[in-house]
Amino acid sequence: MSAATKPAPPIREAFTELYGHRPAGVWAAPGRVNLIGEYTDFNEGFVMPLALPHTAVAAVARRDDGILRLHSADIEGPVVELAVDSLTPLSDGGWAAYPAGVVWALRDAGHTVGGADVHLASTVPTGAGLSSSAALEVVTALALNDLYELGLPRRELALLAQRAENAFVGVPCGVMDQMASAACAAGHVLHLDCRDLSVRQVPFDLAGDGLTLLVVDTRVKHALGDGAYAERRAGCEAGARALGVSHLRDVPYAELPAALPRLADDTVRRYVRHVVSDDHRVERVIALLDAGDVRGIGPVLTEGHASLRDDLRISCPELDLVVDTACASGALGARMTGGGFGGSAIVLAEAADAESLTKSVTEAFAAAGHAAPRVFPAVASAGARRL
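- In the nomenclature of an unreviewed UniProt entry, the chain is known as Galactokinase of Streptomyces flavofungini.

## Some points on the overall build of the chain
- A tally of regular secondary structure across the chain gives 11 helices and 13 strands.
- Taken over C-alpha atoms, the radius of gyration comes to 21 Å for the chain, in line with the 21 Å a tight globule of 387 residues would show.
- A principal-axis box enclosing the C-alpha atoms of the chain has dimensions of 60 × 50 × 40 Å.
- Out of the 387 residues in the chain, the part that is buried amounts to 56%.
- Considering only residue pairs separated by 6 or more positions, the chain has 73% of its internal contacts joining residues 24 or more positions apart.
- Entry remark: accessible area of the chain is about 14700 Å², with carbon and sulfur atoms responsible for 52%.
- Taken as two groups, the 33 positive and 47 negative side-chain charges of the chain have centres that lie 1 Å from each other.

## Considerations on the side chain of Ser 132
- Along the polypeptide, Ser 132 turns up in helix H3 (residues 132-147).
- If near-sequence neighbours (up to four positions away) are discounted, Ser 132 is found in contact with Val 124, Pro 125, Thr 126 and Gly 127.

## As for the packing of helix H4 (residues 154-169) against helix H5 (residues 176-183)
- In contact at an axis separation of 8 Å, H4 and H5 are set at 140 degrees when each is read in the N-to-C sense. Of the two elements, H4 crosses H5, and the hand of that crossing is right-handed. Judged by residue contacts, Arg 154, Arg 155, Ala 158, Ala 161, Gln 162 and Glu 165 of H4 engage Gln 178, Met 179 and Ala 182 from H5.
- For the contact of H4 with H5, the class distribution of residues is four nonpolar, two polar and three charged.

## Some remarks on the sheet that holds strand E10 (residues 333-337)
- Taken in spatial order, the four strands of this open sheet run E10-E11-E9-E12, and their pairing is antiparallel. In the strand order of this sheet, the two ends are held by E10 and strand E12 (374-377), each with one partner. In this sheet, adjacent strand axes meet at a mean angle of 25 degrees when their direction is disregarded.
- In this structure, strand E9 (residues 211-217) lies alongside E12, joined through four bridges in antiparallel fashion. Directly across from Val 215, in E12, lies its bridge partner Phe 376.
- Set on the sheet, helix H9 (residues 298-312) makes contact with E10 and strand E11 (344-350); between it and E10 the angle comes to about 40 degrees.
- Helix H11 (residues 354-368) rests against E9, E11 and E12 of the sheet, and its axis sits at about 20 degrees to E9.

## Brief notes about the packing of aromatic side chains
- According to the stated counting rule, one finds five aromatic pairs in the structure shown.
- An angle of 80 degrees between the planes, with centres 6.0 Å apart, marks the rings of Tyr 39 and Phe 42 as edge-to-face. Across the pair, exposure class does not vary: Tyr 39 and Phe 42 are buried alike.
- Judged by centre distance (5.7 Å) and plane angle (65 degrees), the ring pair of Phe 42 and Tyr 229 falls under edge-to-face. With Phe 42 in the loop between strand E1 (25-34) and strand E2 (46-47) and Tyr 229 in helix H6 (residues 228-243), the pair connects residues that are 187 residues apart, well separated along the chain. Residues Phe 42 and Tyr 229 agree in their burial class; the two are buried.
- Taken together, the ring pairs in this structure connect Tyr 39, Phe 42 and Tyr 229 into an aromatic cluster.

Thresholds applied
- Residues numbered from 1 in each chain as written.
- Predicted model: local features only at pLDDT ≥ 70, side-chain atom pairs only at ≥ 80, totals over all residues.
- Heavy atoms only, no water.
- Helix = DSSP H or I, 4+ residues; strand = E, 2+ residues; numbered from the N terminus.
- Rg over C-alpha atoms; globule rule 2.2 N^0.38 Å.
- Buried < 20%, exposed > 50% of the residue type's maximum accessible area, 1.4 Å probe, protein only.
- Contact = heavy atoms within 4.5 Å.
- Areas by Shrake-Rupley, 256 points an atom, 1.4 Å probe, with all protein chains shown as cover.
- Lys, Arg positive; Asp, Glu negative; His and termini not counted.
- Charge placed at Lys NZ, Arg CZ, Asp CG, Glu CD.
- Axes fitted to C-alpha atoms, helices over the stretch in contact; angles between N-to-C directions.
- Left-handed = near helix turned anticlockwise from the far one by under 90°.
- Nonpolar A, V, L, I, M, F, W, Y, C, P; charged D, E, K, R; others polar.
- Pairing = 2+ DSSP bridges.
- Phe/Tyr/Trp six-rings, centres within 6.5 Å; stacked < 30°, edge-to-face > 60°.

Following this line, the structure appears as structure tokens:
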């Protein structure tokens, strides 16, 4: 039985004990790692995430009295009880703001959602850049979509979940994380165009090629609400305005050398160089996968890390240590993944080298005085579903 389905029986029992009645169902939504294409989503560019086996699982029952009750198995505290008519954006509701924000976004979009009893449990590491918040949002949206028979497609659920995080929680994220959680397919990486949200499921059977993709969670916690993410987004938007385009996606890679000297601000110039070149890296990775050259994507990943480190400046010593150590120890390529300032890195390697690479990285962390990292394989898994 997979890690994603194991929580189902216990969470049903926990829900019943908590609320005094049985849930109508149990739903799951995964976290994600992004293979390539970072900070490109809000620039209407391209990304390539894959879903993890780690999921947020929700047992939910419908209520029609306007009351929303929320509880997490992972966070100490009582049931959070809210009136759906009184949900207020940016009210600093802690973890409960994510599912509550989804209810608010659904109602704000005109959908009839009267309330719910919700019990949540998650195996997605928090603060690791693996989209634990998007998993909470998407699992809530999918459950309410089913229970209230709203008939919304996955794309719309992802957009509503993104709106919950943007407008209700106050994090100006792009749509990649929610789309990955809602729409990824097992055994595939999702090629997502963040302008029109068109998707292509690209086969990604690493085990069949004798490869593995390791996630190295540095255990350095990051918080995207602290302004650093918003500052980079604002810098990208300033760059687009200066170059006369609506979004940086509209700057062709071939024209980047001519575009950069037109930007007077060095910080904006660096941000633009990263975004335009990372969109190009997505195109290169797609071409390599289509050609069957999976190993060939390794150097592109490492090149992407250098751009995130030097141009976007969102890496940290622990992430750089993972990438440098892995590449020096025989990995095919490595890079940080997610919002940065901590979180996780990914390492593409021969499956036979996974154990020795893990040992090398763990020893490097110990020698540097860092807490031991958490290392596990990223197996391309299914998107959100009812269990």
